[in-house]
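Residue-level listing of the chains:
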Amino acid sequence: MKPIHALLLILLLAACLLLMLAGCKSEPVAHTDDHSHEEGAGHEASGDGHDERAVHIASEMLRDLRVTTARVGVRPGGESVTILGELTFSENAYAEVASPISARVGTVFVTTGQQVKEGDKLAELRSPELGKARAALQGAQARATAARQAAERKRALAEERIVAQKDVQAAEADAAAVESEVAAARAELTALGASDEGTPGFVLRAPLSGTVVEREARMGQMADPSQTLFRIGDLTSLWLIVHAFERDAVRIQRGSTARITFAAFPGKEITARVGHVGQRVDAASRTIPVRLELDNSEGLLRPGMSASASLPLGGPGAAITTVPAAALQRLEGGWVAFLPTNTRGVFERREVGRGRTLGGEVEVLSGLKAGEMVVVEGAFLLKAEVEKSTGGGEGHHAH
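Keep in mind the model is a prediction, meaning the values are calculated, not measured.

Remarks on the overall build of the protein
- Scanning the protein from N- to C-terminus turns up 6 helices and 23 strands.
- In the protein, buried positions account for 36% of the 399 residues.
- Within the protein, contacts between residues separated by at least 24 positions form 73% of all contacts whose residues are at least 6 apart in sequence.
- A total accessible area of about 23300 Å² is found for the protein, and carbon and sulfur atoms account for 54% of it.

And the structure:
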């Protein structure tokens, strides 16, 4: 039995040795695998860190999501005031056209939205008063002819010493008076847009070049002098009238640049020049009207639109970075903005330091650089997508 025991002992030792050798050889592999796993986990965490800032929108949702973007802007710093106002026509480029007398509208030559030049025909009107004016002109012309002939006879008789010189002077005075009546009657016809040639009607003409904003004239209607038939305005240059409190108005400088935003154009900003600061304070509101002059050569703006104007007070300060107010959204961790990426349906979520509210814009203290594109319209829905994917704001993992 001893040899058998010895043999079993040798086999057992050999098996243990093999197991030990296998363990020693497998340890580096296991260590490598563990290390590789940890390294992979590190990359995954890094990937999660990157994905944590990414918001993925499904293609079917993206079709229904309206997204507009705007560039991060830079504007002069310093103190400013934001005031609401309304667009209107320039006083020098707007006219309301009415009939000077009661008349019936005949032919109308223009329609709403049509461009006209100064002197263009707007409408032809007919009126009994026109006939009276022509009759008055013809009567004055007949009297003038008779007066001129009488004066000539008086002068001839005076040369023959038949009448006194004072009679000649009286005849010439009568002729001059009747000539004045002729001129007045002809001027009345001209004011009516009619000539003295006996045409049946008179013509209303455009007093300035611009666009027919409104047309109230209809063929066959009776027009009264108090009734506006056409409104014509030059839309290439508009005014924005705002009313600033007196404490602010006295610090607004004529010629300074204001920044205008419109509810109709989210994310769009237009600059305007301060053309005039009123000289009188309204006793009821304690405000002073301020006129801002805007270039509208693109034709986007319409009179009557509401606007928000940010006007600098006093001298300029250091430049500040701004974005449209709708571009910043509040999450549990603070304010964020969403930036479009090169991948369709993927947006970057960026934490942003929010500063002052400047009308339709807000100051950005950190997180964004001038020139970067941010989502404006659609940012709220992106925020909702983030909150939904994080379970109502718990955590920061994005879908």
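Here's the deal with the sheet that holds strand S17 (residues 306-312)
- Spatial ordering of the closed barrel is given by S4-S13-S16-S15-S14-S17, a layout of 6 strands whose pairing is antiparallel. Averaged over all pairs of adjacent strands, the angle between strand axes in this sheet comes to 40°, irrespective of strand direction.

Some thoughts on the nonpolar core
- Ranked by internal contacts, the top residues of the largest apolar core, which has 27 residues, are Leu 240, Ile 260, Val 290, Leu 292, Leu 294 and Leu 311.
- Within the residue set of this core, elements represented by two or more residues are strand S4 (80-89), strand S13 (237-245), strand S14 (257-262), strand S15 (265-277), strand S16 (287-295) and S17.
- Look past the residues within four positions of Ile 260 in its chain and what remains in contact with it is Leu 240, Lys 268, Glu 269, Ile 270, Ala 272, Leu 292, Leu 294, Ala 307, Ser 308 and Ala 309.

Quick look at the environment of Lys 388
- Structurally, the position occupied by Lys 388 is in helix H6 (residues 379-389).
- A distance of 3.3 Å separates a polar atom in the side chain of Lys 388 from a polar atom in the side chain of Glu 385.

Brief notes about the side chain of Gln 329
- Inspection of the secondary structure puts Gln 329 in strand S19 (residues 329-331).
- We classify Gln 329 as buried; its relative accessible area is 9%.
- In this structure the side chain of Gln 329 is engaged in a polar contact, spanning 3.0 Å, whose partner is the backbone oxygen of Ala 326.
- Those residues within four positions of Gln 329 in sequence are excluded, and the remaining contacts are Gly 334, Trp 335, Val 336, Phe 338, Ala 379, Phe 380 and Lys 383.

Topic: the pairing of strand S10 (residues 210-215)
- Taken together, the 2 bridges between strand S7 (residues 115-116) and S10 define a ladder with antiparallel strand orientation. Following the sheet pairing, Val 116 is matched in S10 by Gly 210.
- Relative to strand S12 (residues 228-233), S10 is paired through 4 bridges, and the arrangement is antiparallel. Along S12, the bridge assignment pairs Arg 215 with Phe 230.

Some thoughts on the pattern of salt bridges
- On inspection of all chains with the given rule, the structure shows 14 salt bridges.
- In this structure, Arg 231 and Glu 96 form a salt bridge, with 3.4 Å as the shortest nitrogen-oxygen distance. Here Glu 96 lies in strand S5 (residues 94-98) and Arg 231 lies in strand S12, a separation of 135 residues in the sequence.

Quick notes on unusual backbone geometry
- With a phi angle near 55°, Arg 286 is a residue other than glycine that sits in the positive phi range.
- With respect to the secondary-structure elements, Arg 286 resides in the loop between S15 and S16.
- You can call Arg 286 partly exposed: its relative accessible area is 39%.

Procedures and definitions
- Residues numbered from 1 in each chain as written.
- Predicted model: local features only at pLDDT ≥ 70, side-chain atom pairs only at ≥ 80, totals over all residues.
- Heavy atoms only, no water.
- Helix = DSSP H or I, 4+ residues; strand = E, 2+ residues; numbered from the N terminus.
- Buried < 20%, exposed > 50% of the residue type's maximum accessible area, 1.4 Å probe, protein only.
- Contact = heavy atoms within 4.5 Å.
- Areas by Shrake-Rupley, 256 points an atom, 1.4 Å probe, with all protein chains shown as cover.
- Pairing = 2+ DSSP bridges.
- Axes fitted to C-alpha atoms, helices over the stretch in contact; angles between N-to-C directions.
- Core = buried A, V, L, I, M, F, W, Y, C linked by side-chain atoms within 4.5 Å.
- Polar contact = N/O pair within 3.5 Å; in protein donor to acceptor, adjacent residues only side chain to side chain.
- Salt bridge = Lys/Arg side-chain N within 4 Å of Asp/Glu carboxyl O.

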